[in-house]
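Summary of the model geometry
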Amino acid sequence: MMAEAGAGGPRLAELLALGRRLWDELEASTEPSSGAPAVQDKVRQGLDALQRAAAMVAELELFSENEELEEVASADLKFMLLPALLGAMTLKQVDLSRRREHLESAREHFLHFLKLCKNYGLGSFQLPPSTSGEEEARSPPSPQDCAQPNLVAMAMNRTAKIERYKQKKELENKLASLSSSVESGTADEDQIREFYILQIQKWISTSLEEIESIDQELVIVRSRDAARQAAAGPRGPSRPAKSTMKPFILARNAAQARVFGAGYPGLPTMTVDDWYEQRRRQGIFSQQGFGEPGSPPCSSPPAGASGEDVQKQQQEAEEEEDDEEALQKARDWDDWKDTHPRGYGNRHNMG
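The structure displayed is predicted, hence computed values, not measured ones. (Residues numbered from 1 in each chain as written. Predicted model: local features only at pLDDT ≥ 70, side-chain atom pairs only at ≥ 80, totals over all residues. Heavy atoms only, no water.)

**What about the overall build of the protein?**
Secondary structure summary: the protein contains 13 helices and two strands in total. In the protein, of all internal contacts separated by at least 6 residues, the share reaching a separation of at least 24 is 63%. Accessible surface, the protein as shown: approximately 24500 Å² in total, 51% of it carbon and sulfur. (Helix = DSSP H or I, 4+ residues; strand = E, 2+ residues; numbered from the N terminus. Contact = heavy atoms within 4.5 Å. Areas by Shrake-Rupley, 256 points an atom, 1.4 Å probe, with all protein chains shown as cover.)

Next comes the structure, spelled out in structure tokens:
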């Protein structure tokens, strides 16, 4: 069955050819950076063409799980490459903020291609797991696995890679000998069919290698994302900002307040009673369990106070009682100095 697009639109073969051409140009590009605008512009164009072609293949139902390879037309075999080309083109994107998304999307494309090839019996290989190694990364290996690595599995993996590399080189040599006749249109039906099957088998090897590389990178990317989320996690409630108090002069009575206010107009003045009343309105003394001015401190501790706070308040109350006599003497001395000038009663050095 030959695949055609809707009327007025590009044909499926044209979209595939455009995607293949852009891919070949990207592979042969000499740009110093894969993030160059010209390179990424080709990546976007290639992805658009390949995605449109893949949508047309799905709509036309070119491939089915219930048919054999011999039932597929030779001209339609090349459209099996679309998922692999989509995966390879997806990896060409360089947006680091979406790297995990690109890796997972490319892996799905490669896995879709391998399942399609497995269904048609194209090549003998083992399918990778449907999901990447995220679960393995979350569950650490057992101490026995760390102490005694599976040397047999490692050796088998190495042998499989070497064999896959040899097969890929043989496929490339066969493709080189057939490409000229296919591209010039001189190849017969059998040569065209062999050419497309060889291309599919080559991309099977490439897809297996890419999935293995993607799984290794995904472990790193997921660990990095988890570390960023942990660093930007919810924090505890912020402490309320402490209220700042403007400086002022605390006077003993209204008379001193007027005197100091006249001498220091830049600073406000208030009496002890005014200062206490202001603090009481702000709810500070009431929260700490103080009574009215001149009344003894409350015997019961404030609600929610810890044992350390209660002990501290009791200690302060005892110190205030012990110092009451000393405080009274200091007040008497201040009153005496107010009524007796400095040097009063000194008669020893009078001439």
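**Considering the pattern of salt bridges**
What the rule picks out here adds up to 14 salt bridges. Between Lys42 and Glu25 there is a salt bridge, with the nearest N and O atoms lying 3.1 Å from each other. Residue Lys42 is located in helix H2 (residues 37-60), and its partner Glu25 is located in helix H1 (residues 12-27); the two are separated by 17 residues in the primary sequence. Residue class for Lys42 comes out partly exposed when judged on its relative accessible area of 30%. In this structure Glu25 comes out as partly exposed when scored by relative accessible area, which is 29%. (Salt bridge = Lys/Arg side-chain N within 4 Å of Asp/Glu carboxyl O. Buried < 20%, exposed > 50% of the residue type's maximum accessible area, 1.4 Å probe, protein only.)

**Concerning the packing of aromatic side chains**
Summed over the entire model, instances satisfying the criterion amount to three aromatic pairs. Between Trp23 and Trp203, the ring centres sit 5.9 Å apart and the planes meet at 55°, which makes this aromatic pair tilted. On the criterion of sequence distance, the pair formed by Trp23 in helix H1 and Trp203 in helix H8 (residues 189-231) is long-range, its members being 180 residues apart. Side by side, Trp23 and Trp203 carry an identical accessibility label, which is buried. Across the ring face of Phe125, the terminal group of Lys118 is positioned such that the distance to the ring centre comes to 4.9 Å. (Phe/Tyr/Trp six-rings, centres within 6.5 Å; stacked < 30°, edge-to-face > 60°. Lys NZ or Arg CZ within 6 Å of the ring centre and 35° of its normal.)

**Here we look at helix H4 (residues 99-119)**
When the terminal C-alpha atoms of H4 are compared, their 30 Å separation across 21 residues agrees well with the 30 Å that a helix rising 1.5 Å per residue should span. For H4, the complete set of buried residues consists of Arg99, His102, Leu103, Ala106, Arg107, Phe110, Leu111, Phe113, Leu114, Leu116 and Cys117. After H4 finishes, the residue Gly121 shows a positive phi value of roughly 70°. (Expected span 1.5 Å × (residues − 1).)

**Quick word on the packing of helix H3 (residues 82-90) against H4**
The interhelical angle for the contact between H3 and H4, taken along N-to-C directions, is 160°, at an axis separation of 7 Å. With respect to their mutual orientation, H3 and H4 come out roughly antiparallel. Crossing of H3 over H4 shows left-handed handedness. Counting all contacts with H3, which are made through Pro83, Ala84, Leu86, Gly87, Ala88 and Thr90, the residues of H4 involved are His102, Ser105, Ala106, His109, Phe110, His112 and Phe113. Taken together, the residues of the contact of H3 with H4 sort by class into seven nonpolar, six polar and no charged. (Axes fitted to C-alpha atoms, helices over the stretch in contact; angles between N-to-C directions. Parallel < 35°, antiparallel > 145°, perpendicular 65-115°, else oblique. Left-handed = near helix turned anticlockwise from the far one by under 90°. Nonpolar A, V, L, I, M, F, W, Y, C, P; charged D, E, K, R; others polar.)

**Points about unusual backbone geometry**
Phi at Glu61 takes a positive value of approximately 55°, unusual for a residue other than glycine. For Glu61, the location among the structural elements is in the loop between H2 and H3. A residue is classified by how much of its surface remains accessible, and Glu61, at 62% relative accessible area, is exposed.

**Some details on H3**
Among the nine residues in H3, nine count as buried, and that is most of the element. Buried residues of H3: Leu82, Pro83, Ala84, Leu85, Leu86, Gly87, Ala88, Met89 and Thr90, and no others. Where H3 is buried, its residues contact H1, H2, H4 and H8.

**So, the nonpolar core**
Formed by 57 residues in total, the largest nonpolar core has its most connected members in Phe63, Met80, Phe113, Leu122 and Ile204. Elements with a minimum of two residues in this core: H1, H2, H3, H4, helix H7 (151-184) and H8. Top contributing element to this core by residue count: H8, with twelve residues. (Core = buried A, V, L, I, M, F, W, Y, C linked by side-chain atoms within 4.5 Å.)

**Remarks on the side chain of Gln199**
Turning to its location among the elements, Gln199 is positioned in helix H8. Since its relative accessible area comes to 13%, Gln199 is described here as buried.

**Notes on the packing of H4 against H8**
Their axes nearest at 9 Å, the elements H4 and H8 cross at an angle of 150°. What the angle tells us is that H4 and H8 run roughly antiparallel. H8 is crossed by H4, and the crossing has left-handed handedness.

**Considerations on the environment of Asn119**
Along the chain, Asn119 falls in helix H4. Under the relative-accessibility criterion, Asn119 is labelled partly exposed at 33%. The spatial distance from the C-alpha of Asn119 to the C-alpha of Ser64 is 8.9 Å, given a sequence separation of 55 residues. Apart from residues no more than four positions distant in its own chain, Asn119 is found in contact with Ser64 and Glu65.

**Focus on the confidence of the model for the protein**
For the protein, the mean per-residue pLDDT works out to 78, and 67% of the residues sit at or above 70. The secondary structure element of the protein with the lowest average pLDDT is helix H6 (residues 143-147), at 48, and the one with the highest is H3, at 97. (pLDDT = per-residue confidence, 0-100.)

**What about the environment of Ser97?**
The topology assignment puts Ser97 in the loop between H3 and H4. A distance of 2.7 Å separates the side chain of Ser97 from the side chain of Asp95, its partner in a polar contact. (Polar contact = N/O pair within 3.5 Å; in protein donor to acceptor, adjacent residues only side chain to side chain.)

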